Amino acid sequence: MNHELIFSLAGVMAMAGWVALLLSPLIPVWSDRIAGLVLPGILSAGYVVILFGFSTPGGGFGSFAEVSALFSQADALMAGWIHFLAFDLLVGAWICRQGRRDGLPFWSVVPCLPVTFLFGPAGFLLFQLVRAGRGLAVGRHPRHPPPSSGRHPSCG
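This is a predicted model, so every value here is computed, not measured. One numbering rule holds for all chains: residues counted from 1, following each sequence as written. Totals for whole chains, interfaces and linings use every residue, but because this is a predicted model, local features are given only for residues with pLDDT of at least 70 and side-chain atom pairs only at 80 or more, for both listing and counting. Heavy atoms from the whole structure form the basis of all side-chain values; hydrogens and water molecules are not counted.

Draft legend 1. Structural context of the pattern of salt bridges. Counted as salt bridges are all cases of a side-chain nitrogen of Lys or Arg within 4 Å of a carboxyl oxygen of Asp or Glu. Inspection of every chain in the model, using the stated rule, returns two salt bridges. Between R100 and D32 there is a salt bridge whose closest N-O contact spans 2.6 Å. Note that R100 is positioned in helix α4 (residues 74-102) and D32 in helix α2 (residues 28-53), a separation of 68 residues in sequence. To qualify as a helix, a DSSP run of H or I must reach at least 4 residues; to qualify as a strand, a run of E must reach at least 2; elements of each kind are numbered from the N terminus.

Written out as structure tokens, the structure reads:
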């Protein structure tokens, strides 16, 4: 397995998804499909192939030492990296969709995207803080629902 090639291809796919999210005010439906379905689906398929197609003797998830041993193997490390790329992109797509549903302006959502791209859970937390600052809570309906056209200034 050419790990450098797979690393590069997975990174380019993930970056395409993040660009789609940044363009989501202009292409909301396509952004949702590209970044929230198609690219995470492709990355997930690659993850499954690596996870089940290549043996990774040693290591496990029962202790820190086992996880450390597991990720010392190139195939497991590659699967882990693709796992991060796919799930961070899914969270970014969710942030855009939820921001749109909540009626948040794009300028208040967009800082959460690079934080999610770089630091995953910290971007999710930042988005929750943005929502809380606007008086929104998880599970509450937005004060201003998006227009019926499906387009809204927040993430499209």
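Draft legend 2. Molecular detail of the nonpolar core. We define a nonpolar core as any set of buried Ala, Val, Leu, Ile, Met, Phe, Trp, Tyr and Cys residues linked to one another through side-chain atoms lying within 4.5 Å. The buried label applies to any residue whose accessible area, calculated with a 1.4 Å probe on protein chains only, is under 20% of its type's maximum; exposed applies above 50%, and partly exposed to all values in between. Ranked by size, the top nonpolar core spans 15 residues in total, and within it L21, L89, I95, L104, L113 and F127 carry the most contacts. Among the secondary structure elements, those contributing two or more residues to this core are α1 (3-22), α2, α4, α6 (112-119) and α7 (121-133). Tallying contributions element by element places α4 first for this core, with four residues. One finds A14, I50, M78 and A79 within the second-largest nonpolar core, a separate group that totals nine residues.

Draft legend 3. Region of interest: the packing of aromatic side chains. What counts as a ring pair is set by centres within 6.5 Å for rings of Phe, Tyr and Trp (its six-membered ring), and what kind of pair is set by the plane angle: stacked under 30 degrees, edge-to-face over 60, tilted for all other angles. This model, assessed by the stated rule, comprises four aromatic pairs. A centroid spacing of 5.6 Å and a plane angle of 85° characterise the contact between W94 and F127, whose relative ring orientation is edge-to-face. With W94 in helix α4 and F127 in helix α7, this pair connects stretches of sequence that are 33 residues apart. For W94, a relative accessible area of 26% puts it in the partly exposed group. Given the relative accessible area of 0%, F127 is considered buried. Each member of the aromatic cluster is reached from another via a ring pair, and the members are W94, F124 and F127. For the cation-ring pair, R33 lies above W30, with the distance from its terminal atom to the ring centre recorded as 5.3 Å. Remark: a charge is flagged as sitting over a ring if the NZ atom of Lys or the CZ atom of Arg is within 6 Å of the ring centre and within 35 degrees of the ring normal.

Draft legend 4. Layout of the packing of α4 against α6. With axes taken as lines fitted to C-alpha atoms, and helix axes fitted only over the stretch in contact, angles between N-to-C directions fall between 0 and 180 degrees. Viewed as axis vectors pointing N to C, α4 and α6 meet at an angle of 165°, and their least axial separation amounts to 9 Å. Compared by their axis directions, α4 and α6 come out roughly antiparallel. Relative to α6, α4 is oriented so that their crossing is right-handed. Taken together, the residues of α6 that come into contact with α4 (itself represented by D88, V91, G92, I95 and C96) are C112, L113, T116 and F117. The residue classification treats Ala, Val, Leu, Ile, Met, Phe, Trp, Tyr, Cys and Pro as nonpolar and Asp, Glu, Lys and Arg as charged. All others, Gly included, are polar. The class makeup of the residues in the contact of α4 with α6 is six nonpolar, two polar and one charged. The cut-offs work like this: below 35 degrees is roughly parallel, past 145 is roughly antiparallel, 65 to 115 is roughly perpendicular, and the gaps in between are oblique. A crossing counts as left-handed when the near helix is turned anticlockwise from the far one by less than a right angle, and as right-handed when that turn is clockwise. Any pair of residues with heavy atoms lying within 4.5 Å of one another is described as a contacting pair.

Draft legend 5. Looking closely at α7. Its 13 residues give α7 an end-to-end C-alpha distance of 18 Å, which sits within 8% of 18 Å, the value for a rise of 1.5 Å per residue. Within α7, the full set of buried residues consists of G123, F127, Q128, V130 and R131. Viewed along the axis of α7, the buried residues span an arc of 155°, placing them on a single side of the element. In α7, the exposed positions angled more than 90 degrees off the buried face are occupied by P121, L125, L129 and G133. After α7 finishes, the residue G135 shows a positive phi value of roughly 80°. A helix's residues, less one, multiplied by 1.5 Å, set its expected span. Here the arc refers to the directions that run from the helix axis out to each C-beta atom.

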